[in-house]
Structures are given as structure tokens and as C-alpha cells.
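A look at the structure
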Amino acid sequence: MTVSDADTLLRVENLTKHFSQSSGILDTFLSNPPVRAVDGVSFDIREGETLGLVGESGCGKSTLARTVLRLVDPTDGAVYFNGANLAELSGSDLREQRRDMQMIFQDPQSSLDPRMKVGPIVEEPMKAHGLYEGEREERVRELLEKVGLDPQHYNRYPHQFSGGQRQRINLARALAVNPDFIVCDEPVSALDVSIQAQVLNTMQELQDEFGLTYLFIAHDLSVIRHISDRVAVMYLGNLVELAETEELFENPQHPYTEALLDSIPVPDPRSRGKRGVLEGDVPSPIEPPSGCRFRTRCPELIQPDEYAMDADTWDEVLAFTRAVKRRTFEAPDRTTVRREFFEGDTPDGEVGEVVDRALDEVLADEWDAAAERLSETFEEPSICAREDPNYVVESEYGTGEHLAACHLHRDDAAATRDGTEGAPGAASADD
Ligand code: SF4
């Protein structure tokens, strides 16, 4: 998607947030590696659009949101809002930009002070920014009506409202200072499904009326599909795919996105042939995998050029490698293991030799040695482990740019983006 500067409200370039693990004097000497919560993420958001941000919990979505708003300082990278680099602003300029960037949190209960009435809660940001002096109460009542609440609720306490109503109070509070941009961090996750749709519809109506731009974070893909114009998918601190909503849902181009989509519950399980069950745990953000961060769980890891084997054999070798690394099977004897992984016999040639030696090690209860041998031979030389993927692929369901951080597109991608870790991210820098 080519986005002109005139259309862009927010531009995030190579944004990185690492957290130190040091907590005491001893730690400062030990210099523990940092937690790489967000690594080289770039994207942009046009005025009036909703960019959905999706990924499993712990993937860095909320840290990214807080870093975008400068609630936490970035380790590296830049955020441009209305063309201004937030890192270069201070004093009243920064305060002014911050007023235009608001946030709504997941838990509508804990984000409202139970001792305060609704009126003062919504007035608070106006007071903080010295706005609407003398007309605050009137404005609050108007806002309550806009978000679907009775203006008479001005004098009630948060505990007198349902979860959905409390999130509407949060919306009114965010709107109080007339912002351009709202980060919505899982705003409906804590609500009943029936209430979710109502709140989402209200958010869309408010967006139209006030020309709002949303960065909408959720782990629920049906919510993301409902509200987003474009969707960014995040995994282990990186963006792995970014496309227009229909394009992403109908034509996903990253194995992680495919797995997420396959995991959406459907009323009739027979209506989908394949259920995407992601194997293995998400690796630690302290030592993320080299190259593509999804490679330790990817079912489509590309086989290394050094070894020629057909696709079925590669699938068997990869499954065996991962099972050894995770110790997910019993190894009573060679025949049983061969039967479990290789339909009776290990592969021919050099590949078979490595597999057989690893099998000997497993049978000798030397699992770590076997895992190292298999990983060094079959995983580490893969392009997936050696290079950061970074591609633009063709869109089938829209005119916008489709970014996919996956080397499966290395031959047919329309272009390759260079220079920025965290692939799809690089897009905005060049647009
Ligand atoms: S780059 Fe390789 S490991 Fe990563 S998603 Fe693509 S095929 Fe899978």
C-alpha cells in the first residue's frame, strides 16, 4: 500500500523496546541479556483508519502500543505523529501531541477510580490539559450520550454500571480531549460476546463522527476482522504479516497467520479440513531464534539447500528433529522409533546417516547430543534460520500492499524490503 505523507497520521519506524533484566547491584555486574519485547517494528496508520494488531498473548502487542504512545521510552526507532518525531518533542509540544493520542485499556473496571463519580472521571483529562473551562459538565453529558449512556449517569459511581457500560465511560473519557488517535488495547476482551458487538459498533460510529484513527489490539480474530481496515500480525516482538483485512483473512501468506486463522473456533468443525494446531512453545524473547522467529514452530520450515530430499522425507526429518528436541516420545528400540517417524525405515544417503546417528544417541539416552546434531544439520542451515524474511507479495483481495515475513515468497515476491529487522515493518519507512 502506498501511503502518501498527507494520509499518514502515525508512522512507526524500526521501533524497538528491550527490557533490562537487571534488578539489583549483582545483576549490573552479571549483565543479563535484555528481554526483546519489540524488535524493529515499522508500520503506518492513515487518518481515519483502524489498524488491527493481533497475536498471541505475550507477543509484544501491548508493549508496542505503550512504546508508540511513549508511555515507555523506546530502545531504538522512531514514532512520527502528525509528521513530528515524538522523541524530539518536549514540554508543551509533547503535552499537546499526547492530548491527541489517547488509550483505552482492557479492564474497564480497574481503569476507573471506584471512589470517583462518572462526571469527574470524564472531566479529568480536560482538567489536566486545561480545556473546556466552564463548560466541562455540559461536555461530559454530551459525551455520555455520544457513547450510548444516559447523561443523567453523571453522578453515578463506576460500580453501578455493567462491564460494557464501564467501557463506554472509558470511551467518553478518551474522547474528552478531542483526540485524533486512540490506541485500544483489548477493549472488548473482558466483555460478553453479545456486548462486544454493541461496543464495537459504537466505536465505529464514534470513529465516523469524530474522524478518529484507531490502533486496535486484540487476540480475538473475529473482533479484529469486524473492526479493522488493515491487520498487522505480531509474533515474538516482530510483525510477520500486514495486509488489508479481507486480503489477510482470505489470502494469508505467513504460516503463523494461517495457524492463527485455523485456530478460530467454527460452529461446524467439518467445515474446515485442516485444524491448525501450533506445536511447541513460544520461544523466550530473551533469546529469540535467529532469522525468522517463527521457525522453531513453523510447519513449513524450508529445507536446507545442502540436502536434497523429497517433501515427504523432509516433513519426516523435521518432525523427528522437533520431537527429539522436545523429547515428546518414548524410545524403547530402533524399530519402534523408525516406525513412528519414518514409515518403517530412515531415509537414504547422507540424511539417513545423520538421522541414524541421532537415533543411536537417543537410544543411548543422549537426547541433547541428538537434538544438537539434528538441529545443526537440518534447521540451522535453512534460510529460515539464516536470514530475516522481508517480502511484499501480490494482493488478491484488494489494492493495498501485502507484506509477509516468510522466505516461502523469496522467489515470487514483487519486491524485497531491505535493511530492517522485523520484516513487514520495513514497509512504512519506504512508502
Ligand atoms: S520464513 Fe521459514 S520458518 Fe519462517 S514462516 Fe516462512 S517458512 Fe516458516
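Residues numbered from 1 in each chain as written. Predicted model: local features only at pLDDT ≥ 70, side-chain atom pairs only at ≥ 80, totals over all residues. Heavy atoms only, no water.

A word on the environment of Arg-66
Relative to the elements of secondary structure, Arg-66 occurs in helix 2 (residues 61-68). When the C-alpha atoms of Arg-66 and Val-183 are compared, they prove to be 8.8 Å apart, with 117 residues separating the residues in sequence. Non-local contacts of Arg-66, meaning those with residues more than four positions away in its chain, are made with Leu-71, Val-72, Met-103, Phe-105 and Asp-185. Among the polar contacts listed, one links the side chain of Arg-66 to the side chain of Asp-185, at a separation of 3.2 Å. (Helix = DSSP H or I, 4+ residues; strand = E, 2+ residues; numbered from the N terminus. Contact = heavy atoms within 4.5 Å. Polar contact = N/O pair within 3.5 Å; in protein donor to acceptor, adjacent residues only side chain to side chain.)

A closer look at helix 11 (residues 311-326)
Taking 1.5 Å as the rise per residue, helix 11 with 16 residues should run 22 Å; its terminal C-alpha atoms sit 22 Å apart, in good agreement. For helix 11, the secondary structure elements touched by its buried residues are helix 12 (334-342), helix 13 (349-363) and helix 14 (367-379). Looking at where helix 11 begins, the residue whose side-chain oxygen comes 3.1 Å from the main-chain nitrogen of Asp-312 is Asp-310. (Expected span 1.5 Å × (residues − 1).)

Looking at the pairing of strand 6 (residues 101-104)
By the alternation rule, side chains of strand 6 split into Met-101 and Met-103 and Gln-102 and Ile-104, which are all buried. As paired elements, strand 6 and strand 7 (residues 181-185) share four bridges and run parallel to each other. Bridge pairing links Met-101 to Phe-181 in strand 7. (Buried < 20%, exposed > 50% of the residue type's maximum accessible area, 1.4 Å probe, protein only. Pairing = 2+ DSSP bridges.)

Observations concerning the pattern of salt bridges
With the rule as written, the count across this model stands at 25 salt bridges. A salt bridge links Asp-39 to Arg-293, with the shortest nitrogen-to-oxygen separation between them at 2.5 Å. Taken together, the residues span a long stretch of sequence, with Asp-39 in strand 2 (residues 35-46) and Arg-293 in the loop between helix 10 (255-262) and helix 11 at a distance of 254 residues. By relative accessible area, which is 3% here, Asp-39 ends up buried. Residues Glu-279 and Arg-326 are paired through a salt bridge, measuring 3.5 Å at the closest nitrogen-oxygen approach. Taken together, the residues Glu-279 in the loop between helix 10 and helix 11 and Arg-326 in helix 11 connect sequence positions 47 residues apart. (Salt bridge = Lys/Arg side-chain N within 4 Å of Asp/Glu carboxyl O.)

Observations regarding the nonpolar core
Counting residues in each nonpolar core, the largest one holds 50 residues, and the members touching the most others are Val-122, Ile-169, Ile-182, Met-203, Phe-216 and Val-233. Here this core gets five residues from one element, more than from any other, and that element is helix 6 (residues 163-175). (Core = buried A, V, L, I, M, F, W, Y, C linked by side-chain atoms within 4.5 Å.)

A short note on the packing of aromatic side chains
Scanning the model with the defined rule gives 10 aromatic pairs in all. Aromatic ring contacts, followed pair by pair, group Phe-320, Phe-329, Phe-341, Phe-342 and Trp-367 into a single cluster. In this structure, Arg-141 is placed above the aromatic ring of Tyr-154, and the distance from its NZ or CZ to the ring centre is 4.6 Å. Lying across the ring of Phe-161, Arg-156 places its NZ or CZ 6.0 Å from the centre. (Phe/Tyr/Trp six-rings, centres within 6.5 Å; stacked < 30°, edge-to-face > 60°. Lys NZ or Arg CZ within 6 Å of the ring centre and 35° of its normal.)

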